[in-house]
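Notes for the structure review
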Amino acid sequence: MQTSRISRLAITLALLLFGQASWSATVLVAVAANFSKPMTEIAGEFEKATGHSAKLSFGSSGKFVSQLKSGGPFEVFLSADEKGPEKLEQAGLTVPTTRFVYALGKLVLWSTRLGYVDDQGKILETGNFKHLALANPKLAPYGIAAVDVLKKMKLFEKLQPLFVQGENIAQTYHFISTANAELGFVALSQVIEKGKITNGSGWIIPDNLYTPIRQTAVLMKKGAKNLGAAALIDYLKSKPALAIIKTYGYDLAK
Amino acid sequence: MLANADLDALFLTFKVASISTVLMLLLGTPLAWWLARTTCSWKSAINAIVALPLVLPPTVLGFYLLVLMGPSGLIGELTTWIGVDTLPFTFPGIVLASVLYSMPFVVQPLQTAFASIGEQPLEAAATLRAGPLDTFFSVVVPLAKPGFLTAIILGFTHTVGEFGVVLMIGGNIPDKTRVVSMQIYNHVEALEYNEAHWLAGCLLLFSFTVLLLLYTVSKTQPNVQQLK
């Protein structure tokens, strides 16, 4: 009599605990710094739509690749480039065929001063500035894009002595937003609100001046059994998510 | 092996650490002396302020220094007023940041050493008509030598190992702000593990040698405190 009551209690408890888990899972997500604003918004909508919750960590893609290679706990990885997820795939750490481009990054030349940056970037030739901020091209795809632009404009050699490099795009933003660097290259998503550059002045750089920033997402093997992780990958391709991604100035992959 | 950029970073690091250590001794010695001797009611507050950099995570301290040293920050306005450039992304900027960041490691051992000397040797010196400066250099400094040694070692090594502050205000500029900890971090982030291992190995070896020399030198000198 007594044992059956205990076992019934145990079954009820188990159902409560594990049943709960299968309905609403928690997903650990590593997110490239430039995508932090849109992803926070998407995660909110994702929770409302699916009941799963996404725990977001922001940082540089390079650091996340190192961490994931050494057994980092993230189940979904939203990189700022294509290379990181490819490397993880080669190392056999991802779920095959889950890799896809979730957004095409947009580069902007930005300053906190109103009317300082013109809409053709002439300021780069004529400006009398002391520092030009960009993300470290060795580490960050937005840094590589910035170097592309300067080389296309034949200004790289001239401006290189003025470079101050942020370790990732968020730090590059600090350099400019605190006015320590008069201007610099950041991600459009960092300075745009509801489709407009709200603060200071900026030049949204034409696509033909830099190699596309193909921001790639992938499902890690760690998240293969997590229903929430697969759901998040699907949700990133859904209409509401794509709409949010667009309002932050990103292009969508074709 | 080490590339030129790595060697430059090593050299820059020891330059920053040496200059910072000298500055910290110059500023920290009078401060520690005052803190050890004073009965002023502000003493606890000043003590707490000196120890504050220990509490703040280096990147947080670095971020606020970036704001303060920027064109619209307090320090930034001061530097503009006296007609020099703002300090972030410059060599003097990271030296100033290092001094602020590592100061507790210099002040605290000195303060303890000064306090443990006590009144007697100072009174004895006074009866022999030694002036305050003479007393300080002929009595206090020899008696507090272990404290000075600890202060130099801690101040120097803490600056060599500094990373977060420089990350925030340095801007990764070769020969100006790209210190060795930044360079190792850059290698690791770029997944160049081999280069990172080499540079980290050299940093450890060099630092070990410097420390070994310091400790050896301090041992061969007679320890004045034992003569008391």
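Remember, predicted model here, so these are calculated numbers, not experimental data.

Calculation notes
Residues numbered from 1 in each chain as written. Chains lettered and ligands numbered in written order. Predicted model: local features only at pLDDT ≥ 70, side-chain atom pairs only at ≥ 80, totals over all residues. Helix = DSSP H or I, 4+ residues; strand = E, 2+ residues; numbered from the N terminus. Buried ≥ 20, exposed ≤ 12 C-beta atoms within 10 Å, placed from the backbone. Contact = placed C-beta atoms within 7 Å. Pairing = 2+ DSSP bridges. Axes fitted to C-alpha atoms, helices over the stretch in contact; angles between N-to-C directions. Core = buried A, V, L, I, M, F, W, Y, C linked by C-beta atoms within 7 Å. Domains from an automatic or database assignment.

**Here we look at the overall build of chain B**
Within chain B one finds eleven helices and zero strands. Sequence-ordered secondary structure for chain B, helices as α and strands as β, is α-α-α-α-α-α-α-α-α-α-α. Principal-axis analysis of the C-alpha atoms gives chain B an extent of 65 × 45 × 30 Å. For chain B, buried positions account for 36% of its 228 residues.

**Thoughts on the overall build of chain A**
In terms of regular secondary structure, chain A is built from eleven helices and twelve strands. Taking the principal axes of its C-alpha atoms as reference, chain A extends roughly 90 × 35 × 35 Å. Counting over 254 residues, chain A shows a buried share of 46%. A separation of at least 24 residues holds for 79% of the contacts in chain A among residues at least 6 apart in sequence.

**Details of helix α10 (residues 227-236) of chain A**
A large share of α10(A) lies buried, amounting to seven of its ten residues. Taken residue by residue, α10(A) has A:Gly228, A:Ala229, A:Ala230, A:Leu232, A:Ile233, A:Tyr235 and A:Leu236 as its buried positions.

**Quick notes on the sheet that holds strand β1 (residues 26-32) of chain A**
Residues and elements named next belong to chain A. Spatially, β2-β1-β3-β12-β4 is the arrangement adopted by the five strands of the open sheet, whose pairing is mixed. What marks the edges here is a single partner per strand, and that holds for β2 (53-59) and β4 (100-105). In this sheet, neighbouring strand axes are inclined to one another by 20 degrees on average, regardless of whether the strands run parallel or antiparallel. The strands that helix α2 (residues 36-50) touches are β1, β2 and β3 (76-78); relative to β2, the one it contacts most, it runs at about 170 degrees.

**Some words on the nonpolar core**
Ranked by internal contacts, the top residues of the largest apolar core, which has 76 residues, are A:Val29, A:Val76, A:Phe77, A:Leu78, A:Leu107, A:Tyr142 and A:Leu232. Both domain 1 (25-104 + 214-247) and domain 2 (107-204) of chain A contribute no fewer than three residues apiece to this core. If sequence neighbours within four positions are ignored, A:Phe77 has contacts with A:Ala30, A:Phe64, A:Leu68, A:Pro85, A:Ala217, A:Val218 and A:Met220. Membership of the second largest hydrophobic core comes to 44 residues, among which are B:Ala17, B:Met69, B:Tyr101 and B:Phe105.

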